[in-house]
Amino acid sequence: MTVRHFLSLMDCSPAELAGLLKRGTELKSLHRQGVIYEPLKNRVLGMIFEKASTRTRVSFEAGMIQLGGQAIFLSPRDTQLGRGETVEDSARVLSRMCDAVMIRTFAHSTVETFAAWSQVPVINGLSDDLHPCQLLADMQTFLEHRGSIKDKTVAWIGDGNNMCNSYIQAAIQFDFQLRIACPEGYDPDPAFLDQAGDRVTLLRDPAAAVAGAHLVSTDVWASMGQEDEAQDRLQRFAPYQVTPALLDLADESVIFMHCLPAHRGEEVSAELMDDPRSVVWDQAENRLHAQKALVEFLLVD
Ligand code: CP
Ligand code: NVA
């Protein structure tokens, strides 16, 4: 049987993605009721982190423990990956010992190469191009707060980064309209835009993007690996801060999301984080439940 990987939202059909969101909510409810559900007893998730993480590491680790399995944290600093062992060889070895492998890395090609040589499912825990696990949590959160996102309008404000690219893929898979407002020179990869066709509109004006929107989402202005550009970006992105006043232009049912970590006073104003329209803490929690649904989908027959 072919091994299923989760490198992008496009690795699942829209029906499978809808199933994952529903299952994430069910697993959340079971967990809150204190029900013990351990279908992954003795199963092991290897987790390679070439970049920092709080949510992704803790949600996968806690999720595997709750499902009866274990997760192993691996960093290039303490493994042979950091001393030049190839991705291909590492994939062949780790996938003989682990039941699935999650990778957070820089070049998206690293995740793809690992998956090509792995005999077990590989999960993209964030690459320079995409962050699909975050979108599972975001879509589950929208569903729980507002129902189906189909035909709704979503505004992405700020950098055309990995999160923005995954929102473009979400627009395709979950069938919503996406308006992106970013400064010139910071557009998302045109390959993703082309794939989305008229589901996605690229704008420069955040107010125009947010007008009538049902979900507004943003992310840091300088992603991991772009630390040298952070000072320049502060100036370039200043008109793109998401504030309560900007959200007032949206639909009255609008909710605000941020994948976190947040830089208050930069991409998001401090007061918006705790505004009643902000669902960022539910969104962060849903990383746990959505990814439990994902590993169950990939590992339980
Ligand atoms: N949102 C997210 O992926 O957070 P971490 O970088 O803390 O994992
Ligand atoms: N765009 C951010 C997301 C962090 C979760 C980054 O890549 O650093």
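Let us look at the structure shown here. (Residues numbered from 1 in each chain as written. Chains lettered and ligands numbered in written order. Predicted model: local features only at pLDDT ≥ 70, side-chain atom pairs only at ≥ 80, totals over all residues. Heavy atoms only, no water.)

### A few points about the packing of helix 1 (residues 14-32) against helix 5 (residues 132-146)
Where helix 1 contacts helix 5, the axes come no closer than 10 Å and their chain directions differ by 70°. Between helix 1 and helix 5, the interaxial angle falls into the category roughly perpendicular. Where helix 1 approaches helix 5, its residues Leu 17, Leu 20, Leu 21, Gly 24, Thr 25 and Lys 28 are matched on the opposing element by Leu 136, Met 139, Gln 140, Leu 143 and Glu 144. Its residues assigned to classes, the contact of helix 1 with helix 5 comprises six nonpolar, three polar and two charged. (Axes fitted to C-alpha atoms, helices over the stretch in contact; angles between N-to-C directions. Helix = DSSP H or I, 4+ residues; strand = E, 2+ residues; numbered from the N terminus. Parallel < 35°, antiparallel > 145°, perpendicular 65-115°, else oblique. Contact = heavy atoms within 4.5 Å. Nonpolar A, V, L, I, M, F, W, Y, C, P; charged D, E, K, R; others polar.)

### Quick word on the site of ligand 2
Every residue lining ligand 2 is accounted for by Leu 126, Asn 161, Asn 162, Asp 219, Val 220, Ser 223, Met 224 and Leu 260. Contact distances for ligand 2 include 2.6 Å between a nitrogen atom and a side-chain N or O atom of Asp 219. In the model, a nitrogen atom of ligand 2 is placed 2.7 Å from a nitrogen or oxygen of the Ser 223 side chain. Here ligand 2 has 270 Å² of accessible area as a free molecule, and 94% of this is covered by the chains. Among the residues forming the shell around ligand 2, the class breakdown is four nonpolar, three polar and one charged. (Near = heavy atom within 4 Å. Polar contact = N/O pair within 3.5 Å; in protein donor to acceptor, adjacent residues only side chain to side chain. Areas by Shrake-Rupley, 256 points an atom, 1.4 Å probe, with all protein chains shown as cover.)

### With respect to the site of ligand 1
If you check the shell around ligand 1, you find Ser 53, Thr 54, Arg 55, Thr 56, Arg 104, His 131, Gln 134, Cys 259, Leu 260 and Arg 287 and nothing else. Here an oxygen atom of ligand 1 and a side-chain polar atom of Arg 287 are 3.0 Å apart. Look at ligand 1: alone it shows 250 Å² of surface, and the protein chains cover 95% of it. Of the residues in the shell around ligand 1, the class split is two nonpolar, five polar and three charged.

### Let's talk about the nonpolar core
Phe 6, Tyr 167, Phe 176 and Leu 178 are the most contacted members of the largest nonpolar core, which has 54 residues in total. It is helix 6 (residues 162-174) that contributes the most residues to this core, eight residues altogether. Leaving out residues up to four positions away in the same chain, Tyr 167 has contacts with Leu 135, Asp 138, Met 139, Val 154, Trp 156, Phe 176, Leu 178, Leu 215, Ser 217 and Met 257. Ala 213, Leu 246, Ala 250 and Val 254 belong to the second-largest nonpolar core, a separate cluster that totals 19 residues. (Core = buried A, V, L, I, M, F, W, Y, C linked by side-chain atoms within 4.5 Å. Buried < 20%, exposed > 50% of the residue type's maximum accessible area, 1.4 Å probe, protein only.)

### Quick word on helix 5
The terminal C-alpha atoms of helix 5, which comprises 15 residues, lie 21 Å apart, in line with the 21 Å expected from a rise of 1.5 Å per residue. Most of helix 5 is tucked away, with 11 of its 15 residues classed as buried. Gly 147, located one to two residues past helix 5, shows a positive phi value of around 85°. (Expected span 1.5 Å × (residues − 1).)

### Comments concerning the environment of Leu 202
Tracing the backbone shows Leu 202 in strand 7 (residues 200-203). For Leu 202, a relative accessible area of 31% translates into the label partly exposed. The spacing of Leu 202 and Lys 41 is 161 residues in sequence and 46 Å in space, taken between C-alpha atoms.

### Some thoughts on the sheet that holds strand 8 (residues 215-218)
One open sheet holds the five strands; their spatial order is 7-6-5-8-9, and the pairing between them is parallel. One side of each edge strand has no neighbouring strand; the edge strands of this open sheet are strand 7 and strand 9 (255-258). Strand-to-strand twist in this sheet, taken as the mean axis angle between neighbours without regard to direction, amounts to 20°. On top of the sheet, helix 6 reaches strand 5 (153-157), strand 6 (177-181), strand 7, strand 8 and strand 9; it is set at about 160° to strand 6, its chief contact. (Pairing = 2+ DSSP bridges.)

### As for helix 1
Between the first and last C-alpha of helix 1 there are 27 Å, a value that for 19 residues agrees with the 27 Å anticipated at 1.5 Å per step. If you check which residues of helix 1 are buried, you get Leu 17, Leu 20, Leu 21, Gly 24, Leu 27 and Lys 28. Angularly, the buried residues of helix 1 cover 130° about the axis, an arc narrow enough to put them on a single face. Exposed side chains of helix 1 directed beyond 90 degrees from the buried face belong to Ala 15 and Lys 22. (Arc of directions from axis to C-beta.)

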